[in-house]
Structure formats: structure tokens, C-alpha cells
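Observations on the model geometry
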Amino acid sequence: MDTDEGRIGDEFLRQMEQVAAYVPYMVTPGNHDAKYNFSHYKNRFTMPRSSDNMIYSWNIGRAHIISFSTEFYYFLQYGFTQIRSQYEWLERDLQEASKQENREQRPWIISLGHRPMYCSNTDQDDCTYVRDRVRKGLLGFYGLEELFHKYGVDLELWAHEHSYERLWPIYDRTVYNGSEEEPYVNPKVPVHVVTGASMGHQFFCSRVVQRNMMGLDRLCHGQLSDVLITATVG
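Residue numbering note: each chain is counted from 1, following its sequence as written. In view of the model being predicted, local features appear only for residues whose pLDDT reaches at least 70, and side-chain atom pairs are presented and counted only at 80 or more, with totals across whole chains, interfaces and linings using the full set of residues. The basis for every side-chain value is the complete set of non-hydrogen atoms in the structure, without hydrogens or water.

To continue, consider the packing of aromatic side chains. Stacked, edge-to-face and tilted are the three classes for Phe, Tyr and Trp ring pairs, Trp counted by its six-membered ring, which pair at centre distances within 6.5 Å; planes under 30 degrees apart are stacked, over 60 edge-to-face, the rest tilted. Here the structure, examined in full by the defined rule, presents ten aromatic pairs. Here the aromatic rings of Tyr 41 and Phe 45 are separated by 5.7 Å at their centres, their planes lie at 55°, and the arrangement is tilted. Ring geometry for Tyr 56 and Trp 58: centres 5.6 Å apart, planes at 25°, overall stacked. By relative accessible area, Trp 58 is classed as buried at 17%. Here the aromatic residues Phe 80, Tyr 87, Phe 141 and Tyr 142 are joined through ring pairs into a cluster of three or more. Between buried and exposed lies partly exposed: a residue is buried under 20% and exposed over 50% of the maximum accessible area for its type, with that area taken using a 1.4 Å probe on protein chains only.

Written out as C-alpha cells, the structure reads:
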């Protein structure tokens, strides 16, 4: 967004007008938006119930959807307070969404974030380590995996990695399938999906669908369309 004093961002958004003018275009901050404290990202969009687009939620159909910033955990030069503030906001939002009367109307809670808690690529990114920052927090504080599990988040959608990956229901690096025959039917923990739809090419994964011990199906960038149907939750 900030390249060439924002001219690249301007051109990108002009190209997106034909879509965004007719289809809701919901955004989530990523690492390439970080320059100038995310100022280009913050000022180019208007998301519901948000002053800066960094964190917000909305209801659609039978789902409550939450968009939040994983980047707070990485760009610490912009302050630590934003991590605490976001965590507290997330807990309030999840408390409201989890009330019985709200859960009856919208049984699905879905989160959107940029950097995944889990991934299997060999690119040495944070999600390849045991103590991922978003998942476990910084110095043991404000980790989101426990919070999302506590309030029954069903599906966690991620980006950043350039390959599609879908895990079995997992919490704290342990699989909790609904059943052996139907792992995605009524699981007790969230399902994680990395969309793999970035613009670049990386070759840190096999170009053949694989399944590892976490029940993770994986495809390199460019092959997502072949397996979209497998990403549904029962």
C-alpha cells in the first residue's frame, strides 16, 4: 500500500473497485501493511464498528465473524499496549457472541487473522515453531489460542503462508477429532485453515496433497481451487 508514496496502493484499489463496489470487501491487516504504523491500511478502508480497521466483528447469516491483527505481536516498535487492548476487546466480543441467546441465533464463530498459529512449511516463519507468538503470546501473556478455545471459536482462517493447509480440529498441538469416522463433525476445538492465496510463489511444501500427523492437507500456492471443497466444516 505504501510503495511509491502510496501510488501502488491507489492503483490496486482502483483495480478492486469493480469488485468492492458490489461485494462486501472485508480486510485484515498483514505484515506488508505495517509501514508508518499501518497508516495506509487504516486510512484506505472503513470496516464496521472500527475506528482504524485493525480489529472488528460483524454478523452474517448464522455466523459471527471476527477480524483481528496478528501483526501487533510482531511490530513491537508501535507499542505493547495494542496487544493488551486487542486481547481485552476480543474477550469482550467473544463473551457477547457466546451468550446462549446469541449462540442460538449464530452458532458459528469464525476468526480472521493474517499469520497462522499452525503451519508445516519449512520457511522458518513463526508458525513453524512450538511457541508461536499469536498462539502462546509474548512472555506468556495474551496468547490467543486459549482464549479462542475458551469461547468456542469454530473456524480460524489464516493467510501469510503461500500454501493451502487444513488441519484436523486441534488445540495446544493436540488433535481432538469429533470422531474417527467424521473428524469435522461436532469437534470440541477449532479447525484451522490457511488459505494459501498470496501473490508470490514459495516452494517450501510438496506439490502433492499430503496428510501428516495433525491431519493437515497441504498444497502449494496455485492449487487451492482443486481442494476448496475439502475445507468445509461438518
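Right, let's get into the pairing of strand S10 (residues 191–194). Residues Val 191 and Val 193 point to one face of S10 and His 192 and Val 194 to the other, with burial holding for every one of them. Think of it this way: DSSP has to see at least two bridges between two strands before they count as a pair. Secondary structure elements follow DSSP: runs of H or I of four or more residues count as helices, runs of E of two or more count as strands, with numbering from the N terminus. Across four bridges, strand S6 (residues 155–158) lies against S10 in parallel orientation. Residue pairing in the sheet places Leu 157 in a bridge with Val 193 of S10. Direction of pairing for strand S7 (residues 163–166) relative to S10: antiparallel, over a ladder of two bridges. Bridging across to S10, Glu 165 finds its partner in Val 194.

The next point concerns the pattern of salt bridges. By convention in these notes, a salt bridge is any Lys or Arg side-chain nitrogen within 4 Å of a carboxyl oxygen on Asp or Glu. One pass over the structure, following the stated rule, counts twelve salt bridges. Salt-bridge contacts for Arg 115 lead to Glu 71; the nearest nitrogen and oxygen are separated by 2.8 Å. Pair noted here: Arg 115 is in the loop between strand S3 (108–112) and helix H5 (133–136) and Glu 71 is in the loop between strand S2 (63–67) and helix H3 (81–97), with a separation of 44 residues, a long-range link. Note on Arg 115: relative accessible area 11%, which makes it buried. On the basis of relative accessibility, which here comes to 0%, the residue Glu 71 falls in the buried class. One network of salt bridges, with partners in common, ties together Arg 135, Lys 136, Glu 145 and Asp 172.

Moving on: the nonpolar core. Take the buried residues of types Ala, Val, Leu, Ile, Met, Phe, Trp, Tyr and Cys, join any two whose side-chain atoms come within 4.5 Å, and each joined set is a nonpolar core. Membership of the largest hydrophobic core comes to 45 residues, with the highest contact counts inside it found for Leu 144 and Phe 148. The element contributing the most residues to this core is H3, with five residues.

Along the chain, Thr 28 falls in the loop between helix H1 (7–20) and helix H2 (35–44). In the structure, Thr 28 is positioned 39 residues away from Ser 67 in sequence and 6.1 Å away in space, judged by C-alpha atoms. Any two residues having at least one pair of non-hydrogen atoms within 4.5 Å are treated as being in contact. When neighbours within four sequence positions are excluded, Thr 28 is seen to be in contact with Asp 33, Tyr 41, Ser 67, Phe 68, Leu 112, Gly 113 and His 114. Definition of a polar contact: a pair of N or O atoms within 3.5 Å, with one able to donate and the other able to accept a hydrogen when the atoms are protein atoms, and with sequence-neighbouring residues admitted only if both atoms are side-chain atoms. Within the structure, the side chain of Thr 28 is placed 2.8 Å from the side chain of Ser 67, a separation counted as a polar contact.

When two cysteine sulfur atoms lie within 2.5 Å, the pair is treated as a disulfide. Applying the stated criterion to the full structure yields one disulfide. Paired through a disulfide, Cys 119 and Cys 127 show a sulfur-sulfur distance of 2.0 Å. In this structure, the disulfide formed by Cys 119 and Cys 127 twists by about 85° around the S-S bond and is classed as right-handed. The residues Cys 119 and Cys 127 share a single accessibility class, namely buried.

Shape is all these values report; function is a separate question.
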